[in-house]
Amino acid sequence: MATVFGINLPDISLKIFILVHFCMLMFCGWGTNDAYFFANYFVIGMGMWVLSDKTNTTASLFFATFIAATIIGDILIMIFFHRFENMTGNNKFSLFMTCMNMLLKPATFVYAYAEHKRRAGDGEGSGYTNFDTDVSPTYLPDHISPPVPGVDIGNPI
C-alpha cells in the first residue's frame with residue numbers, strides 16, 4: 001500500500017484511472033470548444049506513455065503535472081463555454097460527465113504522483129504486482145514447481 005501526502009492509498013492500477021477517464025471523455029464537453037478535447041486526449045496520451053514506459057520518471061512527472069493543469073482548464077472551460085439556458089437532455093448529461101471527470105482527476109493526480117515517487121525511488125513499492133516484470137517462481141505455491149527452461153510440457157505422445 002503506497003502512502004502519498006500522509007494518505008494510505010488502496011492498491012489500484014493507474015490503467016483503471018486512464019480507462020475511466022477515456023470512457024468519460026466520450027460523453028464530456030458537448031457544446032464546448034475543441035481545446036477541452038485536445039487537452040484531455042493529450043493527457044490520456046501521456047497516461048499511455050506512462051503505462052508503456054515502466055521506468056521513465058519524466059513521463060510520470062509530466063502526467064501528474066498535466067492532470068493538475070487540466071483540472072484548472074476544465075473549470076475555466078466550464079465557466080466560459082457551457083451555456084446553462086435552454087439545455088437539452090444531452091447537454092445536461094454532457095455537463096454531468098464533465099463534472100464527474102473533473103472530480104475524478106484529483107484522485108488520478110494522487111495516484112500518478114505516487115507512481116512518480118515509486119519510479120524516482122522516493123516511496124515504497126506500488127503494492128500491486130506488475131505481472132509483466134514482477135512474477136518469479138517465488139510467487140508459485142509450494143506444490144507447484146517452476147517450469148524448466150527448454151522443456152516442452154505439451155501433449156506427450
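Structure first, text after, so check above.
So, a few notes on the structure that sits alongside this text. (Residues numbered from 1 in each chain as written. Predicted model: local features only at pLDDT ≥ 70, side-chain atom pairs only at ≥ 80, totals over all residues. Heavy atoms only, no water.)

## Topic: helix α4 (residues 89-120)
Counted at 1.5 Å a residue, the expected span for α4 with its 32 residues is 46 Å, and the 46 Å between its end C-alpha atoms agrees. Where α4 bends most, the angle comes to about 30°, and this point is K105, followed within four residues by the proline P106. Positive backbone phi, approximately 90°, marks G121, located one or two places after α4. (Helix = DSSP H or I, 4+ residues; strand = E, 2+ residues; numbered from the N terminus. Expected span 1.5 Å × (residues − 1). Bend = angle between axes of the 7 residues up to and from the residue.)

## What to know about empty space enclosed by the protein
With the rule as written, the count across this model stands at two cavities of 30 Å³ or more. Going through the elements one at a time, α1 (14-25), α2 (34-52), α3 (57-81) and α4 are the ones with two or more residues in the lining of the second largest cavity. Considering only residue class, the lining of the second largest cavity consists of six nonpolar, four polar and one charged. (1 Å grid on protein atoms, 1.4 Å probe; cavity = no way out; pocket = protein on both sides within 12 Å on 5 of 7 lines; lining within 4 Å. Points joined across faces, edges and corners; volume = space filled by probe spheres on them. Nonpolar A, V, L, I, M, F, W, Y, C, P; charged D, E, K, R; others polar.)

## Concerning the side chain of S60
Within the fold, S60 resides in helix α3. Excluding anything up to four places from it in sequence, S60 contacts V50, A112, H116 and R119. (Contact = heavy atoms within 4.5 Å.)

## Structural notes on the nonpolar core
Side chains of a nonpolar character, in soluble globular proteins, are inclined to be buried together. The biggest cluster of nonpolar side chains holds 22 residues, and the ones touching the most others in it are L14, C28 and F63. Put simply, the parts of the chain that give this core at least two residues each are α1, α2, α3 and α4. Dropping the residues within four chain positions of it, F63 is found in contact with L14, I18, V43, M46, G47, V50, T108 and A112. (Core = buried A, V, L, I, M, F, W, Y, C linked by side-chain atoms within 4.5 Å. Buried < 20%, exposed > 50% of the residue type's maximum accessible area, 1.4 Å probe, protein only.)

## Let's talk about the environment of G73
Structurally, the position occupied by G73 is in helix α3. With a relative accessible area of 24%, G73 lands in the partly exposed category. Expressed as a C-alpha distance, the spacing of G73 and M102, which sit 29 residues apart in the sequence, is 9.8 Å.

## Let's talk about the pattern of salt bridges
A full pass over the atoms with the stated rule returns three salt bridges. As a salt-bridge pair, D74 and K105 come within 2.7 Å of each other at their nearest N and O atoms. Taken together, the positions of D74 in helix α3 and K105 in helix α4 put the pair 31 residues apart, joining distant regions of the chain. We classify D74 as buried; its relative accessible area is 2%. With a closest N to O distance of 2.6 Å, R118 and E115 form a salt bridge. Placement of both R118 and E115 in helix α4 is noted, with a separation of three residues, approximately one turn of the helix. Look at R118 and you get partly exposed, because its relative accessible area is 30%. Three or more residues joined by partner-sharing salt bridges are found here, namely E115, R118 and R119. (Salt bridge = Lys/Arg side-chain N within 4 Å of Asp/Glu carboxyl O.)

Read these as spatial facts, not as claims about activity.
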